[in-house]
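Spelled out from the first residue to the last, the chains are:
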Amino acid sequence: MKSNPTITKKIIAGKYKGKTLKLPSKETTRSSKGIVLESFFNTLQFDIIDSVLVEVFSGSGSIGLEALSRGAKKIIFMEKDRDAIRTLRENIAQTDPRACEIVEGDSFSNIVQVKKRLSSLGESAFIYVDPPFAYREGMEEIYDKTIDMIASFPLEMAKLIIIEHMSTLELPDSIGHFNRLKSKRFGKTSLTYYA
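Residues numbered from 1 in each chain as written. Predicted model: local features only at pLDDT ≥ 70, side-chain atom pairs only at ≥ 80, totals over all residues. Heavy atoms only, no water.

S.K.: Account for the nonpolar core, naming residues and giving values.
M.R.: Ranked by internal contacts, the top residues of the largest apolar core, which has 28 residues, are Phe40, Ile48, Leu53, Leu65 and Leu191. Elements represented by at least two residues in this core include exactly helix H1 (34-44), helix H2 (62-69), strand E4 (74-79), helix H3 (82-93), strand E6 (125-129), strand E7 (158-166) and strand E10 (189-194). Per-element tally for this core: the top contributor is H1, with five residues. Look past the residues within four positions of Leu65 in its chain and what remains in contact with it is Ile11, Leu21, Ser60, Phe77, Asn91, Ile92, Thr95 and Cys100. With 27 residues, the next largest nonpolar core counts Val54, Ile127, Met157 and Ile161 among its residues. (Core = buried A, V, L, I, M, F, W, Y, C linked by side-chain atoms within 4.5 Å. Buried < 20%, exposed > 50% of the residue type's maximum accessible area, 1.4 Å probe, protein only. Helix = DSSP H or I, 4+ residues; strand = E, 2+ residues; numbered from the N terminus. Contact = heavy atoms within 4.5 Å.)

In C-alpha cells, the structure reads:
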C-alpha cells in the first residue's frame, strides 16, 4: 500500500522564511491558501512585530508560525485534532518553541483559559479564527458558536479579529464590541476583519 506523500508549505517571509511546514491530513483540517495568508500579512504589515497572535482552530499552525517569523513575540495555538497537534508540534520545533503555546482541546471551551492567559500577560492580541467550514459532521453550528466566542472577547483583549470563512457566508456588521472593518474575497474563501 502506498503511503500518502506528506503535504507541505513554506513560510513566506521573515526569519524562518523557507522553512517547510507539514500540513495535517485534509480530512480534519484545511490549510489557509497562500494568497489568503499573504493578503492577511499585507494588512498587518509591521503591526505584527512584538505582538501576540492567537490562532483558533490552528491546524498546522501556518498562520501563527508565519506571524512568528515576521516578528510576533508570542503565539497561542488552539487545536483539538490529535493529528493536527502532532504536526503542529513538529512545525513549532523548527522555529522558536519558547514563543509558542498550544492549548489542546475544544476551542469553544478553552477560549476562557486563553482570555485568562492574555489577561495575565497584559496583552491585546490579534485573534485569527479559521473555523472548520462545513467539512465535518456535527459542524453545522460552528459559525454560530464562533460568533458567540468572538462576542465574548473583552474589547481591550483583541486588537483585531480576523475570520477566515466561506465566501457564501454573510457575517454580521458587528459582533459583540467589534465592528466589521472590511471583507476580502479570494474565490471560495474570504477574510473578514473586526475591530
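S.K.: How would you explain the pairing of strand E3 (residues 52-56) if you had to name every residue and give the values?
M.R.: For E3, a buried count of five out of five residues is recorded, marking the element as mostly surrounded by other parts of the structure. Side chains Val52, Val54 and Val56 of E3 all project onto a buried face; the interleaved residues Leu53 and Glu55 project onto the opposite face, where all are buried too. Pairing between E3 and E4: five bridges, direction parallel. For Val54, the partnering residue across the bridge sits in E4 and is Ile76. Note on the crossover from E3 through H2 to E4: the handedness is right-handed. Judged from the five bridges that link them, E3 and E6 form a sheet pairing that is parallel. (Pairing = 2+ DSSP bridges. Right-handed = clockwise from strand over helix to strand, strands pointing away.)

S.K.: Let's hear about the pattern of salt bridges: which residues, and what values?
M.R.: Inspection of the entire model under this criterion finds nine salt bridges. Between Arg117 and Glu101 there is a salt bridge whose closest N-O contact spans 2.8 Å. Pair noted here: Arg117 is in helix H4 (residues 107-121) and Glu101 is in strand E5 (residues 100-104), with a separation of 16 residues, a long-range link. Accessibility expressed as a relative area gives 31% for Arg117, which makes it partly exposed. Connected via shared salt-bridge partners are Lys74, Glu101 and Arg117. (Salt bridge = Lys/Arg side-chain N within 4 Å of Asp/Glu carboxyl O.)

S.K.: Run through the packing of aromatic side chains, naming residues and quoting values.
M.R.: Throughout the structure, instances matching the rule amount to three aromatic pairs. Centre to centre, the rings of Phe40 and Phe41 are 4.8 Å apart; their planes meet at 65 degrees, and the pair counts as edge-to-face. Between Phe57 and Phe108, the ring centres sit 5.5 Å apart and the planes meet at 65 degrees, which makes this aromatic pair edge-to-face. One end of the pair, Phe57, is in the loop between E3 and H2; the other, Phe108, is in helix H4, with 51 residues separating them in the sequence. Here the two residues Phe57 and Phe108 agree in accessibility, since each one is buried. (Phe/Tyr/Trp six-rings, centres within 6.5 Å; stacked < 30°, edge-to-face > 60°.)

S.K.: Quick rundown of H2? Include the residues and the values.
M.R.: For H2, a buried count of eight out of eight residues is recorded, marking the element as mostly surrounded by other parts of the structure. Within H2, the full set of buried residues consists of Ser62, Ile63, Gly64, Leu65, Glu66, Ala67, Leu68 and Ser69. Just past H2, the residue Gly71 takes up positive phi, approximately 115 degrees.

S.K.: Now, about the environment of Lys19: what can you tell me, with residues and values included?
M.R.: Mapped onto the elements of the fold, Lys19 is located in the loop between strand E1 (8-10) and strand E2 (20-22). Taking the C-alpha atoms as reference, Lys19 lies 35 Å from Phe178; in sequence the two are 159 residues apart.

S.K.: Could you give an account of the sheet that holds strand E9 (residues 178-186), naming the residues involved and the relevant values?
M.R.: The strand order across the open sheet formed by eight strands is E5-E4-E3-E6-E7-E10-E9-E8, and the pairing between neighbours is mixed. The outermost strands of the open sheet, each flanked by one partner alone, are E5 and strand E8 (174-175). Of the strand pairs in this sheet, E4 and E5 are connected by five bridges, and their pairing is parallel. Counterpart to Glu79 in the pairing with E5 is Glu104.

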